[in-house]
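# Remarks on the overall topology
The chain contents come next:
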Amino acid sequence: MERDYITILKRSLPFKTIFLLAYTELSLLWTCGMIVGIIYAYHLHWHAPEPLQYIFILSMAYILISLVKVLSSYKNYEKKTFINYIMLLGLLISFSSCISYSRTESNIINYEKETSFFHNQEGSYVGIALSDSERISNKEYVDEEQSTIKISISVYGMKANKKGINDMTIPMQGTMTVEGMDTSIHKGDLLLIKGTPKKTTIVEERGRIDLHGRYISSNIVGRMYKGDITTISPDELIEFGYIESTSQRWYRYYLVQLGRVQKEIKNQFQHNLSPIMAVLGESLLLGGNYNEIDPTIMKSFTYTGLIHILSISGSHIALLFALVYSMGRLFNIKKRHAIYIGIILEFLYCVLVGWNPPVVRAGIMGFIMAIGFISGRLYQAKQGITITCTLLLLYDPLLLTDVSFQLSFGATYGLLLWGKPLLLMGPNLPTIVKGPLILCISAQLLVLPFQLYYFHYISILSIIAAVFVAPLLDIAILWVMIIVPVTSIITIPVVWSILEYILQISVFINVNLLHIRGGYWWVGIAPLWVVMIYYSILTTLYVILVLWNHKLPPKIKKYTPVLIGLFMIAALSAMTLFSYIDPNRHNYTIHIIPNKKIIQILVKAPPGKESTLFVEQASFIDNSTFTWPIVNALHSYGLVEDDVTVQKINPKKKWTMLLKNERALYVLCNGQMSEKNLELLVEQNTYIVTKKSQTAHYLRNLNNPNIKGIFYYESQVQGLSIDPGDESIYVVAYEYVPDVVL
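What comes next is a walk through the structure. Being a predicted model, the structure only gives us computed values, none of them experimental. (Residues numbered from 1 in each chain as written. Predicted model: local features only at pLDDT ≥ 70, side-chain atom pairs only at ≥ 80, totals over all residues. Heavy atoms only, no water.)

Scanning the entire structure with this criterion turns up two cavities of 30 Å³ or more. In this structure, the largest cavity spans a volume of roughly 100 Å³. Along its surface, the largest cavity is lined by 14 residues, and Pro49, Glu204, Glu205, Arg208 and Asp210 are the ones closest to its centre. Looking at the lining of the largest cavity residue by residue, the class counts come to seven nonpolar, two polar and five charged. Here the second largest cavity is characterised by a volume of approximately 40 Å³. Lining the second largest cavity are Glu204, Glu205, Arg206, His591, Ile592, Pro594, Ala733, Glu735, Tyr736 and Val737. Residues of the lining of the second largest cavity, tallied by class, amount to five nonpolar, one polar and four charged. (1 Å grid on protein atoms, 1.4 Å probe; cavity = no way out; pocket = protein on both sides within 12 Å on 5 of 7 lines; lining within 4 Å. Points joined across faces, edges and corners; volume = space filled by probe spheres on them. Nonpolar A, V, L, I, M, F, W, Y, C, P; charged D, E, K, R; others polar.)

Now for the pattern of salt bridges. All chains considered together, the criterion is met by seven salt bridges. Salt-bridge contacts for Lys69 lead to Glu25; the nearest nitrogen and oxygen are separated by 2.6 Å. Residue Lys69 is found in helix H3 (residues 50-71), and its partner Glu25 is found in helix H2 (residues 23-43); the two are separated by 44 residues along the sequence. For Lys69, a relative accessible area of 40% translates into the label partly exposed. Residue Glu244 is joined to Arg252 by a salt bridge in which the shortest nitrogen-to-oxygen separation is 2.7 Å. A residue is classified by how much of its surface remains accessible, and Glu244, at 9% relative accessible area, is buried. (Salt bridge = Lys/Arg side-chain N within 4 Å of Asp/Glu carboxyl O. Helix = DSSP H or I, 4+ residues; strand = E, 2+ residues; numbered from the N terminus. Buried < 20%, exposed > 50% of the residue type's maximum accessible area, 1.4 Å probe, protein only.)

Strand order in the open sheet made by the five strands is S17-S16-S15-S14-S23, with mixed pairing throughout. A strand with exactly one partner marks an edge of an open sheet, and here the two such strands are strand S17 (644-649) and strand S23 (740-741). Bridge count between strand S16 (residues 611-616) and S17: six bridges; the pairing is parallel. Residue pairing for S17: Thr612 is matched across the bridge by Thr645. (Pairing = 2+ DSSP bridges.)

Turning next to the pairing of strand S20 (residues 685-690). Side-chain direction in a regular strand flips from residue to residue, so the side chains alternate between the two faces of the sheet. Here S20 lies mainly inside the structure; five of its six residues are buried. The sheet contact formed by S20 and strand S21 (residues 707-712) spans five bridges and is parallel. The residue of S21 that forms the bridge with Val689 is Phe711. What joins S20 to S21 is helix H25 (residues 693-702), and the crossover it makes is right-handed. (Right-handed = clockwise from strand over helix to strand, strands pointing away.)

For the rest of this paragraph, the subject is helix H9 (residues 295-303). Residues of H9 that are buried: Ile297, Met298, Ser300, Phe301 and Tyr303. Contacts made by the buried residues of H9 are with helix H8 (275-286), strand S12 (457-459), helix H17 (461-468), helix H18 (470-487), helix H19 (493-513) and strand S13 (520-522). By the N-cap criterion, in which a side-chain oxygen at the helix start approaches the backbone nitrogen of a residue two or three places on, H9 is capped by Asp294, the distance to Thr296 being 3.0 Å. (Contact = heavy atoms within 4.5 Å. Polar contact = N/O pair within 3.5 Å; in protein donor to acceptor, adjacent residues only side chain to side chain.)

A surface patch of nonpolar side chains, amounting to about 950 Å² of accessible area, comprises Met327, Leu330, Phe331, Ile333, Ile341, Ile344, Leu345, Phe347, Leu348 and Trp355. Counting residues per element, the ones that place at least two in the nonpolar patch are helix H10 (314-330) and helix H11 (335-352). The element that contributes the greatest number of residues to the nonpolar patch is H11, accounting for five residues. Structurally, Ile341 can be placed in helix H11. Residue Ile341 is classed as partly exposed on the basis of its relative accessible area of 36%. (Patch = residues over 30% accessible without salt bridge, like charges linked within 9 Å, V, L, I, M, F, W, Y side chains within 5 Å. Areas by Shrake-Rupley, 256 points an atom, 1.4 Å probe, with all protein chains shown as cover.)

The analysis is restricted to geometry; functional conclusions fall outside its scope.
Below is the structure:
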């Protein structure tokens, strides 16, 4: 019977399905298994933020639904063959989970071992510059130290300033960010840096972008402040005691040539466009340069949802293929030959922008699509995106934790699931309006909870910008892709003038959209139960309107938009009802804003009452000077600066009551407890904030069951004197601190 099963499996391979599930469903099961293993391994080391919780729950739900689908067909197949297939599915999911778990755990452990050697190791370091030096503001302070430039380097080796090492060069690997005095450094330069790397502390906070995976993927091992940076020659590198390998020399050569080409392209923009439009044009073609873009323009791109256009993404690859296809038709080039040209240009474009991860993701999908066409097979976009996701996670499992990865794949899959159905069922509008409108809505459907978590707002401006601004920017990108190669041969001023006008019109419309009252709302992070209801609604709508659409009577199909509207109204009403019966609705939520040395506490009040922001007296700020961490914390709860009352607190007082209700106390304590205060602790649940390690240790050793939480801030005098690994004390800014509900 086993031979019969294998024969059936082999015979089914050329067709759409393998036994019961389609190829796409099997590949999704494999990917979901990988996701479960990655997130499980990740949460053993750090707090898994809510986006990872969404992905984990959705992956488990898809696995369960697939198994239920298979089990529902039990009576239609032979028992033993059916059981073998179930075992095969279980093996598939388990194997993918184990592989991803093992790779994730290995990557994290190896990273922690490698980075521990760098921290506080004073010495001389050699390496290559991965980017041009970036000037930072004189007002920018990091750990109270001022710098003028910032550079990212790939470390080759170092000589430690320690006795007994005898001037020995130690080979090392890793990426380090160095801040130092103003000097001109170019991509690919060999550098000698003297200084002491510090450990890069990754702040974990609800509503803040998680950087653990990004740092591990990039192998960022530390940060050096006030480093003494010197450019050296290959001969001086050898004198230092390090000899480059062949691959390192070729990589350095690639960086040098890449830097020259990018500089030449930037010079074209600077010579032919106005300064503001030149920077914008560079970002449209090469990505990045956020710090150089005019702040007003940057804000408009953020709130209208067009920020992704300024970072190289799949839309650039799609536009490149569209350009090649159009040029092929114009010059009567066969479609197959145009595809070959498109693959070559796609590869060159990835080389030009430096293999940015979003471009690599889009490039893989474009390559799979091209190969499918060349081989004469029908390209299935869902299979393409699933294969791309699987390959990338096999290469680097921690990509799953990156916000760019989550939004990119979520938006693309949303387009594949909802783009065509919404286009067919949507209102009868002109194609030039309906196309961008449907594109914008379908791309945001799956990633809306992620957007609320990371950016905290909902914007209707994105819909308007998708219709009026995005097409202009797409034209600008296509225009840039044409005129930049041409200008390297001959300069035609009129084509640059056209680009200038296109960019000016786009910026004018986009900036003025911000003046629309009520264009965006600070909603805050959606509770987990709301997110699950939201995805349940999307799933139900997809099943009824897409999978079962052919079964619906024609009379009902006419009223599909009305049905969608009624269903959404009912769903919103249900969520509103649930919010009113939420047991925490009338409670206070206390959120500690991570800061190493300054106490900042947000107390979000229930509806009808005013929220409070407690700020240490020494660093008291008024409503016009809110720092970014404070503003981000407010927005994550759907609040703005005017919604809170700022109160000064004096950390030198022995005892300060911050909040009290019938359920618990929340106090600031920096002295020994008196007997009276101890009695108070016995009577009621208590949460304590302190800046004195002696007080924190004393409270911990009390073993009082009514002390529900001890939150320790690093003292400017004592420094960090409590191990962040202490499970009984939360060390603020060094570990994730959960919210407290009173």
